Amino acid sequence: MKPFPLSPAASLDLFLQACLPRKEAVPAALTDNAVIPGIPNARYRLDYGLAPFLQDAVESNKRESEVLARAGMLHSFLPLAHMLAVSGGGDAGAFAAGLIAGWTTHGTRPSFKVVTGISAGALVAPFAFLGPEHDSVIRHVSNAIGPKDVFHSRNVLTRFASDGIADSKPLSRLLATYVTAEILTEIAAEYAKGRILLIGTTDLDSGRPVTWNMGAIAESKAPGSLDLFRNIMLASMSIPGAVSPVMIDVEVDGEQFQEMHVDGGVITQVFLYPPTTITELSKSNGAPIRRERNFYVIRNGTLTPQWSGTKRRTLSIGGRAISTLIQTQGISDLERIYRMAQQDEADFNLAYIGSDFDFPHGQNFDGEYMRSLFDYAFQLGAQGYPWQKSPHSRKT
């Protein structure tokens, strides 16, 4: 019998399925039970519950207290906690890099109790966490790279059979160069002192945010922890559709599954900790948490929408709509952190790209644009950045 011919669409569908195999996704009912083998405290699903996160926060403060006690510096309450949140923003991440390096030059950059990064911020966060001695890395990854160092565009035919317009192998190689076993050892040492490093991704299968406890991953010394650390950073910067997602192996009661992780900016542009954290910690402590906090939020973008003449074309219209959505979401995230600062009596400090920066922006990860933005931010930081005290006090 002659085989029944398949339609072009059906043939393409079969081709795609054959080319892109993956392990079984975690069933919806088991999502909250999925863990990283060998690292049970590697991450949090904060939309599900705060208990694991709160427990780790308590343990973090205990470790910090022990370090202070050994140094003869323990008081009745913990010292001022500086917390840094670095937002997404693609190649505009050069702004955070320049500002942090300039901050070092100014001589007022503190050591941070907490550092968080998402999307472009995930590339900067680990090195900002470790301190000024790693500014050279921050400078290079944000000031000396171009498009070929970040992604490799696929040809039109390959795109149909793949999971993104481009692959991120160049960025993966860049991470392998700078995120080394030695870096993980340093991060683990800071984690042991009670410091916290968090990076956000999006679990695309469940459509939910995941917050990764990077210090715990570094401290675990579990097999594959270095690859996992790099993959989380890569996933946080992987814009869905534009570049390939990152597949992360997990298990549920010993059964193997695989999650698909992409850019954390799909859900939020910047974060610090859940809004009820301090209230819940005070309840469990039986008394208010006595600790002063400084929030430093670096937005790799402007506060006002940027005008752009939009061509009457499908991709132009869709792209402009998405960029407007991201802009609005980012401002909402700033408002949320600002309200949290007021609630927790923290000092709120915001940095963002001012309207005085007008260097033309061509292709994504354009080297000249990134260098110009880095230099602009570095000068601001070196002169003493005029941190804004609310998302509403816009500078020109």
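What comes next is a walk through the structure. (Residues numbered from 1 in each chain as written. Predicted model: local features only at pLDDT ≥ 70, side-chain atom pairs only at ≥ 80, totals over all residues. Heavy atoms only, no water.)

**A word on the packing of helix α3 (residues 94–106) against helix α5 (residues 135–143)**
Item 1. The geometry of α3 relative to α5 is characterised by a closest axis approach of 9 Å and an angle of 150° between their N-to-C directions. The angle between α3 and α5 falls in the class roughly antiparallel. As for how α3 packs across α5, the hand of that crossing is left-handed. Contacts between α3 and α5 involve A94, A97, I100, A101 and T104 from the first element and D135, I138 and S142 from the second.
Item 2. Across the contact of α3 with α5, the residue classes tally to five nonpolar, two polar and one charged. (Axes fitted to C-alpha atoms, helices over the stretch in contact; angles between N-to-C directions. Helix = DSSP H or I, 4+ residues; strand = E, 2+ residues; numbered from the N terminus. Parallel < 35°, antiparallel > 145°, perpendicular 65-115°, else oblique. Left-handed = near helix turned anticlockwise from the far one by under 90°. Contact = heavy atoms within 4.5 Å. Nonpolar A, V, L, I, M, F, W, Y, C, P; charged D, E, K, R; others polar.)

**Points about the pairing of strand β6 (residues 196–203)**
Item 1. In terms of burial, β6 is a largely internal element, eight of the eight residues being buried.
Item 2. Side chains I196, L198, G200 and T202 project from β6 onto one buried face, and the interleaved L197, I199, T201 and D203 project onto a second face that is buried too.
Item 3. In this structure, strand β3 (residues 114–118) lies alongside β6, joined through five bridges in parallel fashion. Each residue of the ladder has a partner; that of I118, found in β6, is G200.
Item 4. Relative to strand β7 (residues 208–213), β6 runs antiparallel, the two being bridged by six bridges. Bridged to I199 within β7 is W212.
Item 5. Between the antiparallel neighbours β6 and β7 lie four residues, among them G207 with a positive phi of about 70°.
Item 6. Bridge analysis of β6 against strand β10 (residues 255–263) gives three bridges, and the strand direction is antiparallel. Bridging from a neighbouring strand, T202 pairs with V262 of β10. (Buried < 20%, exposed > 50% of the residue type's maximum accessible area, 1.4 Å probe, protein only. Pairing = 2+ DSSP bridges.)

**So, the pattern of salt bridges**
Item 1. Going through the model one piece at a time under the given rule, you end up with 17 salt bridges.
Item 2. For K62, the salt bridge identified is with E59, shortest N-O distance 3.8 Å. Note that K62 and E59 are positioned in helix α2 (residues 51–70) at a spacing of three residues, about one turn of the helix.
Item 3. Taking the relative accessible area as the measure of exposure, K62 reaches 45% and is therefore partly exposed.
Item 4. Two residues, R230 and D227, come together in a salt bridge whose shortest N-O distance is 3.9 Å. (Salt bridge = Lys/Arg side-chain N within 4 Å of Asp/Glu carboxyl O.)

**So, the side chain of E190**
Item 1. With respect to the helices and strands, the residue E190 is situated in helix α8 (residues 181–192).
Item 2. Residue classification places E190 among the buried residues on the basis of a relative accessible area of 16%.
Item 3. Residues in contact with E190, not counting those within four places in the same chain, are F129, L130 and R195.

**Let's talk about empty space enclosed by the protein**
Item 1. According to the stated counting rule, one finds two cavities of 30 Å³ or more in the structure shown.
Item 2. By volume, the largest cavity amounts to about 230 Å³.
Item 3. In terms of lining residues, the largest cavity is bounded by 18 residues, among which A57, M83, V114, I196 and L281 are the most central.
Item 4. Take the lining of the largest cavity: its biggest share by element is four residues, from α2.
Item 5. Class assignment for the residues of the lining of the largest cavity results in 12 nonpolar, three polar and three charged.
Item 6. Volume-wise, the second largest cavity comes out at about 70 Å³.
Item 7. In terms of lining, the second largest cavity is formed by Y44, F53, D56, A57, S60, R63, Y191, I196, L198 and N213.
Item 8. Listing elements by their share of the lining of the second largest cavity, those giving two or more residues are α2 and β6.
Item 9. Here the lining of the second largest cavity takes five residues from α2, the largest share from any one element.
Item 10. Counted by class, the lining of the second largest cavity contains six nonpolar, two polar and two charged residues. (1 Å grid on protein atoms, 1.4 Å probe; cavity = no way out; pocket = protein on both sides within 12 Å on 5 of 7 lines; lining within 4 Å. Points joined across faces, edges and corners; volume = space filled by probe spheres on them.)

**What about the packing of aromatic side chains?**
Item 1. Scanning the entire structure with this criterion turns up 13 aromatic pairs.
Item 2. Between Y296 and W387, the ring centres sit 5.1 Å apart and the planes meet at 70°, which makes this aromatic pair edge-to-face. A residue pair is termed long-range when its members are at least 10 positions apart, and Y296 in strand β11 (residues 293–299) and W387 in the segment after α13 (367–382) qualify at 91 residues.
Item 3. Using a relative accessible area of 11% as the deciding quantity, one classes Y296 as buried.
Item 4. In this structure W387 comes out as buried when scored by relative accessible area, which is 17%.
Item 5. Taken together, a centroid distance of 5.2 Å and an interplanar angle of 75° make the contact between Y338 and F348 edge-to-face. Of this pair, Y338 sits in helix α12 (residues 314–343) while F348 is found in strand β12 (residues 347–352), placing the two residues 10 residues apart along the sequence.
Item 6. With relative accessibility at 17%, the residue Y338 sits in the buried group. (Phe/Tyr/Trp six-rings, centres within 6.5 Å; stacked < 30°, edge-to-face > 60°.)

**A closer look at the packing of helix α4 (residues 120–130) against α8**
Item 1. Between α4 and α8, the least distance of the axes is 10 Å, while the angle of their chain directions is 60°. By the criterion of interaxial angle, the relationship of α4 to α8 is oblique. Here the hand of the crossing between α4 and α8 comes out left-handed. Here P126, F127, F129 and L130 of α4 come into contact with α8, specifically with I183, E186, I187 and E190.
Item 2. When grouped by side-chain class, the residues that make up the contact of α4 with α8 number six nonpolar, no polar and two charged.

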